Amino acid sequence: MMPQPPRLAWQLLARRVPAPWREFVLGDLEEEFRARAETDPPSARRWFWRQALRCAIHPPRTAQAYPYSTFSPGDFWMRTLIGDIRYGVRVLRRSPSFALAVIVVFALGIGANTAIFSIVNTVLLRPLPFQDSDRLVRLFHVPPQSTFPGLKTFSISPANFLDWQRRARSFDGMAMYQFREFALTGSGGAESILAAAVGKGFFDIVGTKPALGRTFLPEEDDPAHGHAAILSDAFWRSHFGAAPDIVGRTLTLDGRRYDIVGVMPPKFSNRAWSATGRDIWVPLAQTDEQKAVRDNHNLQAIARLRPGVTVAQASAEMQAISRQLEAEYPKEDAGWGATVISLRELIVGDIRLSLVMLLSAVALVLLIACANVGNLLFARALARRKEIAIRSALGAARRRVLAQLLVETLLLAGAGGALGLLLAKQALSAGATLLADQVPRADELTMDWRVVSFVVGLSLLTGILAGAFPAFRAGRTDLNETLKEGGRHDSAVGVRTRRVLIVCEVALSVVLLMGASLMIRTLANLRNVDAGFDPHGVLAMRVSLATSRFHSGGQMFDSLDHTLAELRALPGVQAAGAIDDLPVTGGSVQPIVLEGHPELLPSDQPTVNVRTIRPGYLATMRIPVVRGRDIVDSDDNVMLVSRATAKLLWGSEDPIGRRVSLPLQSKSTMMQVIGIVGDVKQSDLTMPVDPTVYEVTRESLTDALAKGSAGSFGVAVVLRSTVPPLSVAQSAVAAVHRVDPTSPVDDVKTMDAILDDTTTAQRFSATLLGAFAGLALILASVGIYSVLSYIVRGRSREIGIRTALGASASAVVRMVIVEGMTPAALGIVVGAAAALLSARLLEKLVFGVSASDPLTLALVTGSLAAVALLASLVPAYRATRVDPIAVLRA
Amino acid sequence: MWFKSETAALGDFEQLVLFGVLRLGDEAYGAAIRQEIHARSGRDVSINAVYTTLDRLEGKRLLRSWVGEPTAQRGGRRRKHYALTPVGTASLRRAYQAVLAMADGFERRLDVK
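Here the structure is a predicted model, which means the values were calculated and not measured. (Residues numbered from 1 in each chain as written. Chains lettered and ligands numbered in written order. Predicted model: local features only at pLDDT ≥ 70, side-chain atom pairs only at ≥ 80, totals over all residues.)

### Structural notes on the overall build of chain B
Across its full length, chain B holds four helices and two strands. Ordering the α and β elements of chain B from the N terminus gives α-α-α-β-β-α. Here chain B holds 113 residues, and the buried ones make up 32% of them. Looking at chain B alone, contacts between residues at least 24 apart form 48% of all its contacts between residues at least 6 apart. (Helix = DSSP H or I, 4+ residues; strand = E, 2+ residues; numbered from the N terminus. Buried ≥ 20, exposed ≤ 12 C-beta atoms within 10 Å, placed from the backbone. Contact = placed C-beta atoms within 7 Å.)

Structure follows, in structure tokens:
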């Protein structure tokens, strides 16, 4: 592809060069650009920009079109502007420290805004990287509210999906998929890889073509057919060195051979959607028996809306179909509805509120920066009153004076904007890894034309906001008075204006500080939540057992128990155990049936979290056994119930010795309750504790193995150590591999780190808001300090006279401090009111504290008052040093 | 002047542009002229200055122009080619003679060549 000249420069040229010349000038420049770009593209771009700017300032004139004697009005305007810019540059060069201060403040404000806007732009504004991504939707069941209170979406069952597919008219296509894990063996050790098993038509619906090879054929979605696999771009590169002849080679997954039929392009591997953020894809290939299951909800579905159909219409149709199915299959489907949600909403919906909050916060920082710069400019405009008065006296229209001052500010804002853009770029690339865990779609983060236009627009707005008021005020100068005054600066002019600026700065700072404090308290509250277990000193790791290697659940448990025994023997390890899903990471939720009670409709059945554990788990996690006993190796078909479960199912009766069944696993297996244990938060720290049962059964696992559901059985192995947990990680992994060298081990983490992972969103908001609030506080205190210093300097004559007449130093100090604290106090009051009004935005983001918490508000206002006082002290001290004699003589 | 002169007086930059056109022959168009001036005289003039001058010289009938074929290198745009008219050649000759005549004998003093 031929190199293209910079678009913006090109557009500028196309506008500025007169029509008769346009073709030849643009052609010439493009031709020379191409020639230069062959050797050095960056310098060619710079050259093009230089040429474009020169042409824009002095476009070629044609003798025919523009006689020399007349200028068009636009030309006159341009020349005046250029003149103003040149003059502005000269003026600013004369006071470089002032210019630098203003540029730095602007750069910080605009840079912070740009960084946050880049995130908003990528996450919220840009479409997902799939073809016509706005038509992609996910389909869900809506579970019966009596059994799953508060749950709005649920995985789907295969039989219901197939009925939806046959009946729905709103979609171009729909496909099921399911997440799987495989153990990859063959080259060296075992490795756990993430896979998605996808139903017929999945890739057509997502609308992405493979980079190499093909996607799955319809006949490959059949368990009788051989195994096929499609690789992600990253997996292809990391495991096959991007071999171009990859199609036709094979992989060994869980001991089975898979033929590689294709490789997806890199843009398909979007981490934001778990179905695409995988290493490989395989066909779902369900058996007829699996397809007939209606009451087990363990699949996901993606669909593409027909053009012109809205999400609401599709949702309505799906609800109607669900009602038909409820009538046809009351036993399985009673109470199960359906809903359609756009894929984009699912991916970015959660973060939207946080981003909007951050964008508002960072806008406040910019407003404070504007107030500060406004303050500086105002002081400068007053100092330049004489120059302005002379220009007016010589006949400069007020409009021209105003324009000149505004152009100067815009120059500063433009420079600040450019620097801010660089700062934002640096900040984003430095924080890229941090962002990746906290924001969906962070891997797509780039700056595009929207960000650049945002910076340009923001710089203009900032310049006008900060510059208009001082320019306007300075333009109103009384000529006669100013010229008579002869340049003496002994009265404080415009004090009222500057007090207003202080009020604004302080008020905005209160709002920001309040937000930051609330987020920090939220984070602290989340850390102090009692999750029901003791995470300190616990190491967790995920071990994937390939199901194809075991014939029964018992055999698998024996292997696992052997591993646990090896781990317990390690030096420094106190206890070790295993569970299928760790706390705070979610897991299986199933209906439960008590012995002697009839099995109710699924919609009326109570549900509990079901976890499979091995002995040692409770001791490792320090989950207390309240009554009864812990499990031992020899136990089978027994169950421990949490306190909340005991209360939910048996009320005040004693559950120990009762028998229950989990119909989704096996209707015939009865399990005996042998103990009551403490409650644990299974899904989320912010939610109430979940009723949980811990089962020990070999039978249900054997059933699962017999059904041949391909993939691995992942278990979380936990161990408690007397030494720092990560220091035993290496020997622990080695111990697992001594027992079973083909089981991949990954996600080796401390339990503390796993808990931290659940609070990333809050940490993200708290960190950024804290930084913004800190910046605001610094800007506000600098603002108060500079205004007070100015006032003290302006009133030194008055202060000198007061001192000469016998005013004590303390009286002078008090006077200056009152001068500074009055607007600050007013700002605090206004800010507190604004913070309470904005509490509604934060209410959904805070935890364990009210968004209008009086204690936090008191702390924030108190600390701002202290900062304002500190900022007043230096000018107050300076006022006491005014020498009355020197002042009176002057 | 009350009579129409056969030749026109030339400015310094106009001379450079005319020499450029002469030197480039069939390949004389805006960008090439600009590069030629830059390469030989060291003056990095902007394209707009070249076009303004070309237009003025054409207005004075010292140059004639025609439009070429579009090329891919130029994004499908055409070139505007220039060549000296007889009046242009005469004017350039006169200007060059004037410079040569005035400069005669000063080569050593001005430290040229």
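There's more to say after this.
### Structural notes on the overall build of chain A
Summing up its helical and strand segments, chain A has 30 helices and 22 strands in all. A buried classification covers 42% of the 890 residues belonging to chain A. Considering only intrachain contacts with a sequence separation of at least 6, the fraction spanning at least 24 residues in chain A is 84%.

### Overview of the nonpolar core
All names here are of chain A. In terms of nonpolar packing, the biggest core is built from 117 residues, with L139, A229 and A301 touching the most fellow members. Here this core takes seven residues from strand β2 (residues 171–186), the largest share from any one element. Membership of the second largest hydrophobic core comes to 100 residues, among which are A107, L508, L788 and A832. (Core = buried A, V, L, I, M, F, W, Y, C linked by C-beta atoms within 7 Å.)

### Remarks on the packing of helix α19 (residues 553–568) of chain A against helix α23 (residues 729–739) of chain A
Residue and element names in this part refer to chain A. Where α19 meets α23, the closest approach of the two axes is 9 Å, and the angle between their N-to-C directions is 140°. Judged on the interaxial angle alone, α23 and α19 are oblique. Between α19 and α23 lies a crossing whose hand is right-handed. In contact with S559, H562, T563, E566 and L567 of α19, α23 contributes A732, A735, V736, R738 and V739. When its residues are assigned to classes, the contact of α19 with α23 shows five nonpolar, three polar and two charged. (Axes fitted to C-alpha atoms, helices over the stretch in contact; angles between N-to-C directions. Parallel < 35°, antiparallel > 145°, perpendicular 65-115°, else oblique. Left-handed = near helix turned anticlockwise from the far one by under 90°. Nonpolar A, V, L, I, M, F, W, Y, C, P; charged D, E, K, R; others polar.)

### Digging into the interface of chain A and chain B
Each partner contributes to the interface: chain A provides 21 residues, whereas chain B provides 18 residues. No other element matches the 12 residues that helix α2 (residues 19–37) of chain A contributes to the side of chain A that touches chain B. When the residues that make up the side of chain A that touches chain B are grouped by side-chain class, the tally is nine nonpolar, four polar and eight charged.

### Quick word on helix α6 (residues 158–167) of chain A
Taken as a whole, α6 of chain A has its buried residues at P158, N160, F161 and W164 of chain A. Considered in projection along α6 of chain A, the buried side chains sweep an arc of 160° and stay on one side of the axis. (Arc of directions from axis to C-beta.)

### Regarding the environment of Y329 of chain A
All names here are of chain A. Within the element layout of this structure, Y329 appears in the loop between α10 (311–328) and α11 (330–333). A residue is classified by how many C-beta atoms lie within 10 Å of it, and Y329, with 16 of them, is partly exposed. In sequence terms Y329 and N160 are 169 residues apart; their C-alpha atoms lie 9.9 Å from each other.

### So, the packing of helix α1 (residues 12–24) of chain B against helix α2 (residues 30–41) of chain B
Residues and elements named next belong to chain B. Direction vectors running N to C along α1 and α2 enclose 105°, while the axes themselves pass 9 Å from each other. What the angle tells us is that α1 and α2 run roughly perpendicular. Here α1 contributes L16, V17, G20, V21, R23 and L24 to the contact with α2, which in turn contributes A32, I33, E36, I37 and S41. Residue composition of the contact of α1 with α2, by class: seven nonpolar, two polar and two charged.

### Comments concerning the confidence of the model for chain A
All names here are of chain A. Confidence in the prediction of chain A, expressed as mean pLDDT, is 83, and 93% of residues score 70 or more. Confidence drops under a pLDDT of 50 for residues 65–71, and excluding neighbours within four residues, the segment shows four contacts in the predicted structure. Throughout residues 486–490 the model reports pLDDT below 50, and contacts reaching past four residues in sequence, or to other chains, amount to three contacts. (pLDDT = per-residue confidence, 0-100.)

### Considerations on unusual backbone geometry
Residues and elements named next belong to chain A. Non-glycine residue A285 carries a positive phi angle of around 45°. As for its placement among the helices and strands, A285 is situated in the loop between β8 (280–283) and α9 (288–291). Given 20 C-beta atoms within 10 Å, A285 falls into the buried group.

### Considerations on the environment of S155 of chain A
All names here are of chain A. Along the polypeptide, S155 turns up in the loop between β1 (136–142) and α6. Residue class for S155 comes out partly exposed when judged on the 14 C-beta atoms lying within 10 Å of it. Remark: the alpha-carbon pair of S155 and V142, spanning 13 residues in sequence, is separated by 8.7 Å. When neighbours within four sequence positions are excluded, S155 is seen to be in contact with H297, N298, L299 and Q300.

### Thoughts on the pairing of strand β7 (residues 256–263) of chain A
All names here are of chain A. Where strand β4 (residues 212–213) meets β7, two bridges bridge the pair, whose relative direction is antiparallel. Looking across to β7, one finds that G213 is bridged to G262. Here strand β5 (residues 228–231) runs beside β7; their pairing, made up of four bridges, is parallel. Looking at the pairing, I230 lines up with G262 of β7. The turn joining strand β6 (residues 250–253) and β7, which pair antiparallel and follow one another in sequence, is formed by two residues; a positive phi near 50° is taken by D254. (Pairing = 2+ DSSP bridges.)

### Side note on the pairing of β2 of chain A
Residues and elements named next belong to chain A. The sheet contact formed by β2 and strand β9 (residues 300–305) spans six bridges and is antiparallel. Its bridge partner lying in β9, Y177 is registered against Q300. Bridge analysis of β2 against β6 gives two bridges, and the strand direction is antiparallel. Looking across to β6, one finds that L184 is bridged to L253.

### Let's talk about the environment of I119 of chain A
Residue and element names in this part refer to chain A. Counting through the fold element by element, I119 comes out in helix α5 (residues 96–125). With 24 C-beta atoms counted inside 10 Å, the residue I119 sits in the buried group. Considered as a pair, I119 and P440 are 321 residues apart in the sequence and their alpha carbons are 9.8 Å apart. When residues no more than four places from it in sequence are discounted, the contact partners of I119 are L355, V439 and L445.

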